[in-house]
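Close look at the chain arrangement
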Amino acid sequence: MATVFGKIIRGELPSEKVFENERILAIKDIHPVAPVHLLIIPKKEIADLQSLQSEDFALLSEIISVAQQLAKQFKIEKGYRLLTNNGSEAGQTIFHLHFHLIGGRQLGPMA
């Protein structure tokens, strides 16, 4: 894994972990856009949504379950955004699949 997330997963770079199991890591975003801004990252190296294989689909279910748990833990379960960018045209800058869990304030409309 050559990305910054690969380095975080391997423990080569520091992060503020909020969840970890054998398949998923969740950390606080270092450039938050809201009071709660977490990154949920599969440990398996997958570049983006389009790169998912059928055998990876169960991982998406687990990511959503982790997002629900974290939303409850951080008291944003009544309103949050879970999003990912797919490809540079959508704004993806780190090509390791990850989801942003954002909440803790009123979120405006998306462009």
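Report follows, based on the coordinates. (Residues numbered from 1 in each chain as written. Predicted model: local features only at pLDDT ≥ 70, side-chain atom pairs only at ≥ 80, totals over all residues. Heavy atoms only, no water.)

1. Some details on the overall build of the protein chain
A tally of helices and strands in the protein chain yields two helices and five strands. When the helices and strands of the protein chain are listed from N to C terminus, the series reads α-β-β-β-α-β-β. At 13 Å, the protein chain has a C-alpha radius of gyration in line with the 13 Å of a compact globule built from 111 residues. Residues classed as buried in the protein chain amount to 41% of the 111 residues present. Partitioning the contacts of the protein chain with sequence separation of at least 6, the portion at a separation of at least 24 is 55%. (Helix = DSSP H or I, 4+ residues; strand = E, 2+ residues; numbered from the N terminus. Rg over C-alpha atoms; globule rule 2.2 N^0.38 Å. Buried < 20%, exposed > 50% of the residue type's maximum accessible area, 1.4 Å probe, protein only. Contact = heavy atoms within 4.5 Å.)

2. Notes on the pattern of salt bridges
Across all of its chains, the model carries seven salt bridges by this definition. For Arg23, the salt bridge is made with Glu22, and the minimal N-O distance between the two is 2.6 Å. Taking the relative accessible area as the measure of exposure, Arg23 reaches 36% and is therefore partly exposed. Where Lys44 meets Asp56, a salt bridge forms, and the shortest distance between an N and an O atom there is 2.5 Å. (Salt bridge = Lys/Arg side-chain N within 4 Å of Asp/Glu carboxyl O.)

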